[in-house]
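Geometric and topological summary
The lines below spell out each chain.
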Amino acid sequence: HEVVELDDLALVEAHRTRNTDNIIDVSGLTEARVFGDERQLARVIRNLVDNAIRHARSRVVVAVISDDTSVRLLVDDDGPGVAPEDRRRIFDRFARADTDRSRDSGGAGLGLAIAEDLVTIHGGSIEVTDSPLLGGARFVVTLPNATGRN
């Protein structure tokens, strides 16, 4: 593991998609460092951005914010959101939320489970809530802040 510039990684992964149907806003990225495996953290971000794009109507916002102890990666979309009763279950392998976030929109139901596993390995947590910004889903990854670590 090494110090990873999470904001730079989020920028690369957000631009990797080149999805023309959705506008990906990365203006909320602020400098933040975490300690971990860059490839694994890139996969977390990629899975969350791909998920957001799959379910968004037209907008996805990726932000990284930090304080003295933690770094938070936020991925918001303006899609249908995730019902409260499905919010824990969607991190199970092959699980799907009902209604608009269904199998019809692609994927195998592994991306969020993989993201959760990788975040846990890095000493962090992941959750989904309502997006106060766009009205759809907001995925929040919280990781320990590496600022000051060698």
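A few points on the structure.

Examining the packing of helix α1 (residues 6-16) against helix α2 (residues 38-55)
One can describe the packing of α1 onto α2 by two numbers: an axis separation of 9 Å at closest approach and a directional angle of 45°. Our classification of the angle between α1 and α2 gives oblique. Judged by the twist between their axes, the crossing of α1 over α2 is right-handed. Every residue of α2 that contacts α1 at Leu 6, Leu 9, Ala 10, Glu 13 and Arg 16 is listed here: Glu 38, Leu 41, Ala 42, Ile 45, Arg 46 and Asp 50. Among the residues making up the contact of α1 with α2, the classes are represented as 6 nonpolar, no polar and 5 charged.

Brief notes about the sheet that holds strand β2 (residues 23-29)
In space, the 5 strands of this open sheet follow the order β2-β4-β5-β7-β6, with mixed pairing throughout. Each of the sheet's edge strands pairs with one partner strand only, and the pair in question is β2 and β6 (125-130). On average, each strand axis in the sheet is inclined to that of its neighbour by 15°, with strand direction left out of account. The pairing of β6 with strand β7 (residues 137-144) spans 6 bridges and is antiparallel. Counterpart to Ile 126 in the pairing with β7 is Val 141. This element, α2, spans β2, β4 (59-66), β5 (70-77), β6 and β7 of the sheet and lies at about 25° to β5.

Points about helix α3 (residues 111-121)
All of the buried residues along α3 are Leu 112, Ala 113, Ile 114, Ala 115, Glu 116, Leu 118 and Val 119. For α3, the elements touching its buried residues are α2, β6 and β7. At the C-terminal side of α3, Gly 123 shows a positive phi close to 75°.

Structural notes on the side chain of Asp 78
In this structure, Asp 78 sits in the loop between β5 and α3. Buried within the structure, Asp 78 lacks any salt-bridge partner; Arg 57 is the closest side chain of opposite charge, at an N-O distance of 5.3 Å. At 3.0 Å, the side chain of Asp 78 and the backbone nitrogen of Ser 58 are in polar contact. What Asp 78 contacts, discounting residues up to four positions off in sequence, is Ala 56, Arg 57, Ser 58, Arg 59, Leu 134 and Gly 136.

Calculation criteria
Residues numbered from 1 in each chain as written. Predicted model: local features only at pLDDT ≥ 70, side-chain atom pairs only at ≥ 80, totals over all residues. Heavy atoms only, no water. Axes fitted to C-alpha atoms, helices over the stretch in contact; angles between N-to-C directions. Helix = DSSP H or I, 4+ residues; strand = E, 2+ residues; numbered from the N terminus. Parallel < 35°, antiparallel > 145°, perpendicular 65-115°, else oblique. Left-handed = near helix turned anticlockwise from the far one by under 90°. Contact = heavy atoms within 4.5 Å. Nonpolar A, V, L, I, M, F, W, Y, C, P; charged D, E, K, R; others polar. Pairing = 2+ DSSP bridges. Buried < 20%, exposed > 50% of the residue type's maximum accessible area, 1.4 Å probe, protein only. Lys, Arg positive; Asp, Glu negative; His and termini not counted. Salt bridge = Lys/Arg side-chain N within 4 Å of Asp/Glu carboxyl O. Polar contact = N/O pair within 3.5 Å; in protein donor to acceptor, adjacent residues only side chain to side chain.

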